[in-house]
Amino acid sequence: MRTPRRTLAALGFVCTASLGGLTACTQAEEPVKIAADPSDPEQMVLAEIYRQVVELAGRDVGIVGKKFADDGEKLDILQTRDANFAVMCVGSLVVAANPGETAALEANKKDAAEGDLNDVDLALATYDAAVGTLPGSLTTVDPSPAQGCPHSDHADLPQNIIPVYEDGLFDRGVRGAISKVTRALATNDLEKLVEQTEEDGDPGAAVNAWMQEKTGMGSELKRIVDEGQARES
C-alpha cells in the first residue's frame, strides 16, 4: 500500500526559492499563544510583557483570552495545547496543582515566621514545588522578584511570578530575553503598570515604556502606535 504524500507545508516546513533555482526549507516556528484573563488587568499586563518580548523576536504571538479560576486551569490549557504560554504565581500554582506540597510549605512558612527559616529559603522552596508540578513538556525560568496574583488562593505562600511555556518553543536568545524581563520586574513596577492599564484601558504603551526603561530591550512597536492612534481618533 502506498504511503500518502504529505506536503512540506503540512509537515511544518517553509520553503523559499534561492539563487540558482534551488529551494531552501526551514522548520516553521510555532505561533506563541499566551493564555490570560481579559477581565484581570494584572494578567493582561503580564501577558503583554511577554507578548512584547516574543514580538520583538519576530515571532507570531497572540493572547488567548479566557477566564481562569486558578493557575491549575492555566496548567490545563497548556496541557491541552490550546495555549503554549501562561504567566503564573508559584504559591497559587502549588495550591491548585500540587496540594501534597502545600502542607509542607505551610510548615516552612511557620518556621520562617519563628525565625528558623528565612523568607528567601521559603520562596525558593515554593518555586521548587511549583516547578515540580510541571509536566516534562513544560518549562520555566528563574522566578521574578515581583509578587502577583493577590486574589488567588495561595495559602499565604510566596507569589513570585513565573512564565510557563512549552519546552522547545523558544531558542536560546528568546529564552534569555524572557529571563531578563522576568528578573527586571518588581512588585511596585507591576502595581504601577496595572494602575496605568486601568486608566488607559490597554497595557501596550505602558509596558513598552517600562521595558525600554528597565531592561533596555525593545522599541516603540508599530502595533502599539497604531492602537494608540485608533483610541485617540
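Parameters at a glance
Starting from 1, residues in each chain are numbered consecutively following that chain's sequence as written. Totals for whole chains, interfaces and linings use every residue, but because this is a predicted model, local features are given only for residues with pLDDT of at least 70 and side-chain atom pairs only at 80 or more, for both listing and counting. Heavy atoms from the whole structure form the basis of all side-chain values; hydrogens and water molecules are not counted. Three labels apply to residues, based on accessible area from a 1.4 Å probe with only protein chains included: buried if under 20% of the type maximum, exposed if over 50%, partly exposed otherwise in between. Only DSSP runs of H or I reaching four residues or more are called helices, and only runs of E reaching two or more are called strands; each is numbered from the N terminus. When DSSP finds two or more bridges between a pair of strands, those strands are recorded as paired. On a scale of 0 to 100, pLDDT captures the predictor's confidence in every residue. We call two residues in contact whenever any of their non-hydrogen atoms come within 4.5 Å of each other.

Draft legend 1. Summary view of helix α2 (residues 71–79). Taken together, the buried positions of α2 are Asp71, Gly72, Lys74, Leu75, Ile77 and Leu78. Backbone geometry just after α2 places arginine 81 at a positive phi near 65°.

Draft legend 2. Summary view of unusual backbone geometry. With a phi close to 65°, arginine 81 is a non-glycine residue in the positive phi region. Secondary-structure assignment places arginine 81 in the loop between α2 and β5 (85–89). Using a relative accessible area of 45% as the deciding quantity, one classes arginine 81 as partly exposed. Located in the positive-phi region is cysteine 149, a residue other than glycine, with phi close to 50°. Tracing the sequence through the fold places cysteine 149 in the loop between β6 (138–139) and β7 (161–166).

Draft legend 3. Main features of the pairing of β7. Among the 6 residues that make up β7, 6 are buried, leaving the element largely enclosed by the rest of the structure. Taken together, the 5 bridges between β5 and β7 define a ladder with antiparallel strand orientation. Note that in β7 the partner of valine 87 across the bridge is proline 163. Relative to β7, β6 runs antiparallel, the two sharing 2 bridges. Bridging across to β7, threonine 139 finds its partner in tyrosine 165.

Draft legend 4. Spotlight on the confidence of the model for the chain. Looking at the chain, pLDDT values average 84 and 77% of them are 70 or higher. Counting contacts from residues 1–13, a segment whose pLDDT is below 50, to residues more than four positions away or on other chains yields 11 contacts. In this model, residues 15–26 is a region of pLDDT below 50 whose contacts with residues beyond four sequence positions or in other chains number 15 contacts.

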